[in-house]
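# Structure assessment
Chain residues, written in single-letter form:
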Amino acid sequence: MELKPGESATIKRVYNNNVLLAGLPDGSEMVLVGKGIGFNHRQGETVDVEAADQRFVPDGSFAASHGAGVLGDAPLEQIEVAREIMAMVQAELRLEPRLSLLVPILDHMGFAVQRAREGIKVDFPLRWEVAQLYPAEGNLGRRVIALIKEQLGVQLQDEEWVAFALHFVNQQWSTSDFSKTVSMTETIAKVFTLLSVRWQSNIDENAHSAARFVTHLRFLFARSAKATTSAVLGVDVFESVRQAYPEAAEAALEVAELIGEALNRHLGADEVSYLALHTSRLYVEMLKTENSP
């Protein structure tokens, strides 16, 4: 919500000198973050919203009070780093700054910094899958590790980039359930393994057709999370693929079964047809590679 000129917000709670929770004229709440924004202020006073460096409203995943609580418990220097990370995400992944991303990023950073200081190592089993399936998010995750070292003087475990990358992926399909993002990643990796084994050839996951396939699968999971379906094609694409590339069509059926198990639902005919379009592109690309001199 944008305040109209002349309107003010009322302080509902001061968490510390840098974080407070404000009530807006329409009854909603907003988290205000800024150095000294809460200094010498009390509940019930009015506050200039424009004085905040950053403002957050509830976005469905986190209540404003929850976000303010997490921010209020975090050291100011970590909040500053989290805000820089949000700016990077907005610039490179075109994601809007939201509590549903800020809270888990800040929360994960706090635990990661604590682990690094105590010398505790953890396992990140999806390193390869994340690097292959989400290169943009993975690269940004690595930059986050460098940023934390530069700003906080703490060298995180190198593999921590995996967790940050998955948080970025998680935000893009609008679910607060991180386990679903992990399940999606594991399933997409299984899809490429299935195709490689079936076709007895390694799939180039850096190829354009593979990247488009990953994007399609991610949207398929996102639609499932929102209980929506893909657009209707209006033509029998699957039959066309079956006639031209029967092996690609059969592979699409296996992929549909694998994804259906992960989503706990049966994929419709149009969804299978979309899969067949992508498996046919991958199949043709594989044949061209094998037949090239």
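Residues numbered from 1 in each chain as written. Predicted model: local features only at pLDDT ≥ 70, side-chain atom pairs only at ≥ 80, totals over all residues. Heavy atoms only, no water.

## Examining helix α5 (residues 135–152)
For an α-helix, 3.6 residues make a turn, and residues three or four places apart therefore share a direction. Put simply, the rule is: Secondary structure elements are taken from DSSP: a helix is a run of H or I of four residues or more, a strand is a run of E of two residues or more, and numbering for both begins at the N terminus. Working rule for helices: expected span equals 1.5 Å times residues minus one.
If you check α5, its first and last C-alpha atoms are 25 Å apart, about what 18 residues at 1.5 Å a residue would give, namely 26 Å. Following α5 by one or two positions, G153 adopts a phi angle in the positive range, close to 70 degrees.

## Observations concerning the environment of A252
We count it as follows: Residue burial is assigned from relative accessible area. The probe radius is 1.4 Å, only protein chains are included, and a residue is buried under 20% of its type maximum, exposed over 50%, and partly exposed in between. The criterion used for residue contact is that any of the two residues' heavy atoms lie within 4.5 Å.
Among the structural elements, A252 can be located in helix α10 (residues 246–263). On the basis of relative accessibility, which here comes to 0%, the residue A252 falls in the buried class. Apart from residues lying up to four places away in sequence, A252 is in contact with F238, V272, L275, A276 and T279.

## Quick look at the layout of surface pockets
The following threshold applies: For cavity detection a 1 Å grid was placed over the protein atoms alone, and a set of points counts as a cavity when a 1.4 Å probe fits there but cannot get out; an open set counts as a pocket when protein lies on both sides within 12 Å along at least five of seven lines, with lining residues being those that have an atom within 4 Å of a point. Grid points are joined across faces, edges and corners, and a volume is the space filled by probe spheres set on the points. Gly is placed with the polar residues, together with every amino acid not listed as nonpolar (Ala, Val, Leu, Ile, Met, Phe, Trp, Tyr, Cys and Pro) or charged (Asp, Glu, Lys and Arg).
Considering only enclosed or pocket space, the largest pocket measures out at about 400 Å³ in volume. L133, E137, V214, T215 and R218 are the residues nearest the centre of the largest pocket, which is lined by 20 residues in total. Secondary structure elements with two or more residues in the lining of the largest pocket: α4 (127–133), α5, α6 (160–172) and α8 (208–225). Counting residues per element, the lining of the largest pocket draws most heavily on α8, which supplies 7 residues. Broken down by class, the residue content of the lining of the largest pocket amounts to 13 nonpolar, 4 polar and 3 charged.

## A short note on the sheet that holds strand β4 (residues 46–47)
Hydrogen bonds between backbone atoms are what pair the strands of a sheet, whose relative direction is either parallel or antiparallel. Keep this limit in mind: Strands are labelled as partners when DSSP assigns at least two bridges between them. The axes used here are C-alpha line fits, helices contributing only the stretch in contact, and every angle between their N-to-C directions lies in the interval 0 to 180 degrees.
With respect to topology, 5 strands assemble into an open sheet ordered β4-β1-β2-β3-β5, the strand pairing being antiparallel. Because the sheet does not close on itself, it has two edges, and the strands there are β4 and β5 (54–56). Packing of helix α1 (residues 64–73) onto the sheet brings it into contact with β1 (9–16), β2 (19–23) and β3 (29–33), and relative to β3 it is tilted by some 20 degrees.

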